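A closer look at the structure
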Protein chains: 2
Amino acid sequence: MLTKNKKILALSGGVGGAKLALGLKHYLPADQLTVVANTADDFEHLGLSISPDLDTVMYTLAGLNDTDKGWGLAGESWNGLAALERLGGDTWFQLGDQDLATHLLRTQALAQGKTLTEVTELLSQSLNAGVRLLPMSDDPVRTMIETATGELSFQHYFVRDRCAPAVSGFRFEGIETAKAQTEFIQLLQSDELAAVVICPSNPFVSVEPMLSLPGVRAALKQSRAPVVAVSPIVAGMAIKGPAAKMMQELSMPASAQAVANYYGDLLDGFVIDESDAFQAEAIEALGIKTLVTPTIMNDLGDRIDLAQQVVKFSASLL
Amino acid sequence: MLTKNKKILALSGGVGGAKLALGLKHYLPADQLTVVANTADDFEHLGLSISPDLDTVMYTLAGLNDTDKGWGLAGESWNGLAALERLGGDTWFQLGDQDLATHLLRTQALAQGKTLTEVTELLSQSLNAGVRLLPMSDDPVRTMIETATGELSFQHYFVRDRCAPAVSGFRFEGIETAKAQTEFIQLLQSDELAAVVICPSNPFVSVEPMLSLPGVRAALKQSRAPVVAVSPIVAGMAIKGPAAKMMQELSMPASAQAVANYYGDLLDGFVIDESDAFQAEAIEALGIKTLVTPTIMNDLGDRIDLAQQVVKFSASLL
């Protein structure tokens, strides 16, 4: 278990990251875990401010997520979306009836001058997420996907176009002027920080925006706390999402080792799946300590086991 | 049947007015009917632009209204509202899942610079309302209810407080600078106008705002077309809503005759229910021709019958 007064900071994208965040929630005392979620895939749709990764993590921490579908709320209905279709509205982004309430409240609160941090706190408390959940920034950052046919906003690429276009690069609109969320950067700079856990999320579009916020990489390098990532690539495939496809399109091998290489000297430790054990030596050769363990999280027990392994591994790196 | 190239203009509030509007739709050719709906009960809620009367008329004309409940959409679900409650949001205004789609699209379209007329046309066409439906104005007008404990916005009075506060007066915020919708005022001034039908809606909060728009009363007086109202009060009671209660609070008798007296010389004809036949003589004494006929509209046949009676009655007044 973690030393008292020490904290784990977890950086998460959507579904994959949220699984580990949930494991960490169950393993750690509530006041020893802070989860920061990517907001560079946030977007405005039908006049609503939508934060897909933040909501996925929030719903997952609250135990309200649809574990079968992998996203959205359990027991969700789609009557509003059907009505929207009848009215000729945009329906490429699947908005559930319950999920809509989240976006309505967030949009209204932001319009009233609340920060995304404040809104997230209100929503998380109402849903009993039970963990301090922060957006990476209160300023808008928007991932743009560079493709052969031009630049696409992230949700157009990810949802509307189902990740079909070949990716040639990424741009995080607004990143230069965005400020890392205050608690996030303070925790990075704090002696209380025991470890930073980079959840098994897409390195390019989920994790990179958080790392690219002004001051974050510098704070990570200056921190004495180890930085540990869990590979989102297992046996050459992404458990969820387009990470492996992107790697191929960017002329990288789709492998755990390539992810370690991508993060580079930011990492003190890297957690890979047993099926990728043969890559451990090459990763260690990069100067990154490696933990080989089952990383596929099918049930809550898997999530808690992996969380425990990751926390213990990070403690061993001090 | 109506002379070709002549048009009926119906002025409607919500539920009661919408019933007669539907009857008129079935009785008249589509190009000979224009329905104007009150928008002074429009309001902004959860960041959404909501037009309750306009939507009630639109849903009713499209055959999509909930005839049991008397408002909203048939087969409506309330999962978003339940989620909103879980999030601690305002739930005093009942927003159905399908209905929300209407408000989302309208809010977005208005934010993009479309007029309420344009938005209403888009929505009406998508839902096959089949009638030219217009908001009374593209400018915001907001009914304020004066009560002993202060002024209330209309929806706070009507929905949140269930019409409980005693009413002492009304104020239509924005009415001085609002412009009557262009087609509405043009039709009032046109030789094509065969009759104006004031539907059985609340005289004070549904009809009065439409009449109070700059130029409307003057155009009605100058028009050669007869103005015919259908009494919303039958046997001393309002079929729906707080009209009778308001009349008592304003020290008027709650009667058809008092409604005729309220509209005064604006009216050429007044349609009252058989149960109020005894008031016909007194109404005629006001210089208002009177038609006594069954006015309670329980089914579609009743709606069409009354529409036919009203149109024929108006023709007899020329």
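Since we're looking at a predicted model, the values are computed, not measured. (Residues numbered from 1 in each chain as written. Chains lettered and ligands numbered in written order. Predicted model: local features only at pLDDT ≥ 70, side-chain atom pairs only at ≥ 80, totals over all residues.)

Next up on the list: the overall build of chain A. In terms of regular secondary structure, chain A is built from 13 helices and 14 strands. The globule rule puts the C-alpha radius of gyration for 318 residues at 20 Å, and the 19 Å found for chain A is close to it. Reported as C-alpha extents along the three principal axes, the dimensions of chain A are approximately 60 × 45 × 40 Å. For chain A, with 318 residues in total, the buried portion stands at 53%. Contacts in chain A between residues at least 24 apart in sequence constitute 67% of all its contacts with a sequence separation of at least 6. (Helix = DSSP H or I, 4+ residues; strand = E, 2+ residues; numbered from the N terminus. Rg over C-alpha atoms; globule rule 2.2 N^0.38 Å. Buried ≥ 20, exposed ≤ 12 C-beta atoms within 10 Å, placed from the backbone. Contact = placed C-beta atoms within 7 Å.)

Another aspect to go through is helix α1 (residues 15-27) of chain B. Residue and element names in this part refer to chain B. Taking 1.5 Å of rise per residue, the 13 residues of α1 would be expected to cover 18 Å, and the 19 Å separating its terminal C-alpha atoms lies within 8% of that figure. Most of α1 sits out of view: 12 of its 13 residues are buried. Within the sequence span of α1, burial applies to V15, G16, G17, A18, K19, L20, A21, L22, G23, L24, K25 and Y27. Next to the buried residues of α1 lie β1 (7-12), β2 (33-37), α2 (52-61), α8 (203-212), β10 (227-230) and α13 (300-316). (Expected span 1.5 Å × (residues − 1).)

In this section: the nonpolar core. Counting residues in each nonpolar core, the largest one holds 199 residues, and the members touching the most others are A10 of chain A together with A10 of chain B. Once residues within four sequence positions are removed from consideration, A10 of chain A is found in contact with L20, A21, L24, L33, V35, V197 and C199 of chain A. (Core = buried A, V, L, I, M, F, W, Y, C linked by C-beta atoms within 7 Å.)

We now examine the relation of the copies chain B and chain A. For these two chains of identical sequence, chain B goes onto chain A by a turn of 180° and a shift of 0.0 Å along the axis, with RMSD 0.0 Å. When the rotation and shift are considered jointly, the pair of chain copies conforms to a two-fold rotation axis. Rotation axis and chain B: the residue whose C-alpha lies nearest the axis is D97 of chain B, separated from it by 3.0 Å. Comparing interface residues between copies, 100% of those in chain B also sit at the interface in chain A, which points to an isologous, same-surface contact. (Least-squares fit on C-alpha atoms with pLDDT ≥ 70 in both.)

Below, the discussion takes up the sheet that holds strand β7 (residues 150-153) of chain B. Residue and element names in this part refer to chain B. With antiparallel pairing, 3 strands are arranged side by side in an open sheet as β7-β6-β8. The open sheet terminates on both sides in strands that have one partner only, identified here as β7 and β8 (167-173). The mean angle between the axes of side-by-side strands here comes to 30°, regardless of whether they run parallel or antiparallel. Looking at chain direction, strand β6 (residues 142-147) and β8 are connected through 6 bridges and run antiparallel. Residue pairing across strands places M144 opposite R171, the latter belonging to β8. (Pairing = 2+ DSSP bridges. Axes fitted to C-alpha atoms, helices over the stretch in contact; angles between N-to-C directions.)

Counting all residues, the mean pLDDT for chain A is 96, and 100% of those residues have values of 70 or more. Interface confidence in the predicted complex, given as ipTM, is 0.90; pTM for the same model is 0.93. (pLDDT = per-residue confidence, 0-100.)

Its location among the elements puts A83 of chain A in helix α3 (residues 79-86). Excluding residues within four positions of it along the chain, A83 of chain A makes contact with Q98 and A101 of chain B.

Contact residues are listed per partner, giving 23 residues for chain B and 23 residues for chain A. Breaking the side of chain B that touches chain A down by element, the ones donating at least two residues are α3 (79-86), α4 (97-111) and α5 (116-126) of chain B. Among the elements that make up the side of chain B that touches chain A, the one with the highest residue count is α4 of chain B (10 residues). When grouped by side-chain class, the residues that make up the side of chain B that touches chain A number 10 nonpolar, 11 polar and 2 charged. (Nonpolar A, V, L, I, M, F, W, Y, C, P; charged D, E, K, R; others polar.)

Turning to the sheet that holds strand β8 (residues 167-173) of chain A, a few remarks are in order. Residue and element names in this part refer to chain A. The antiparallel open sheet is built from 3 strands, whose spatial order is β7-β6-β8. Sheet topology places β7 (150-153) and β8 at the edges, where each strand pairs with a single neighbour. Strand-to-strand twist of the sheet, defined as the mean angle between neighbouring strand axes without regard to direction, takes the value 30°. Across the sheet, helix α8 (residues 203-212) is in contact with β6 (142-147) and β8; its angle to β8 comes to roughly 40°.

On to α8 of chain A, then. Of all 10 residues making up α8 of chain A, 8 are buried, and the element is well covered by its neighbours. Taken as a whole, α8 of chain A has its buried residues at P203, F204, V205, S206, V207, E208, P209 and M210 of chain A.

Before going further, it helps to spend a moment on the packing of α1 of chain B against α2 of chain B. Residue and element names in this part refer to chain B. Viewed as axis vectors pointing N to C, α1 and α2 meet at an angle of 35°, and their least axial separation amounts to 9 Å. The two elements α1 and α2 cross, and the hand of that crossing is right-handed. Residues V15, G17, A18, A21, L22 and K25 of α1 touch α2, and the partners they reach there are T56, V57, T60 and L61. In terms of residue class, the contact of α1 with α2 is made up of 6 nonpolar, 3 polar and 1 charged. (Left-handed = near helix turned anticlockwise from the far one by under 90°.)

Before going further, it helps to spend a moment on unusual backbone geometry. Phi is positive for L46 of chain A, which is not a glycine, with a value near 55°. With respect to the secondary-structure elements, L46 of chain A resides in the loop between β3 (43-45) and β4 (48-50). When the 19 C-beta atoms within 10 Å are taken as the criterion, L46 of chain A is described as partly exposed. Although it is not a glycine, A235 of chain B sits at a positive phi angle of roughly 55°.

A word on the packing of α1 of chain B against α13 of chain B. Packed helices, taken two at a time, are described by the angle their axes make and the gap between the axes. All names here are of chain B. Interaxial distance between α1 and α13 falls to 7 Å at its minimum, and their mutual angle equals 75°. Here α13 runs roughly perpendicular to α1, going by the angle between their axes. Residues K19, L20, L22, G23, L24, H26 and Y27 of α1 pack against R303, I304, L306, A307, Q308 and V311 of α13. Residue composition of the contact of α1 with α13, grouped by class: 8 nonpolar, 3 polar and 2 charged. (Parallel < 35°, antiparallel > 145°, perpendicular 65-115°, else oblique.)

Bringing the pairing of strand β10 (residues 227-230) of chain A into the picture now. Residues and elements named next belong to chain A. Here β10 shows no split at all, with V227 and A229 on one side and V228 and V230 on the other all buried. Pairing between strand β9 (residues 193-198) and β10: 3 bridges, direction parallel. Looking at the pairing, V197 lines up with V228 of β10. Where β10 lies against strand β13 (residues 269-272), 3 bridges are found, and the strand directions are parallel. When the sheet's bridge partners are listed, V230 is paired in β13 with V271.

Turning next to the environment of G89 of chain B. Mapped onto the elements, G89 of chain B comes out in the loop between α3 and α4. Given 21 C-beta atoms within a 10 Å radius, G89 of chain B is considered buried. For the pair formed by G89 of chain B and A30 of chain B, sequence separation is 59 residues and the distance between their alpha carbons is 42 Å. With sequence-adjacent residues up to four places away left out, G89 of chain B is seen in contact with A101 and L105 of chain A together with L46 and L84 of chain B.

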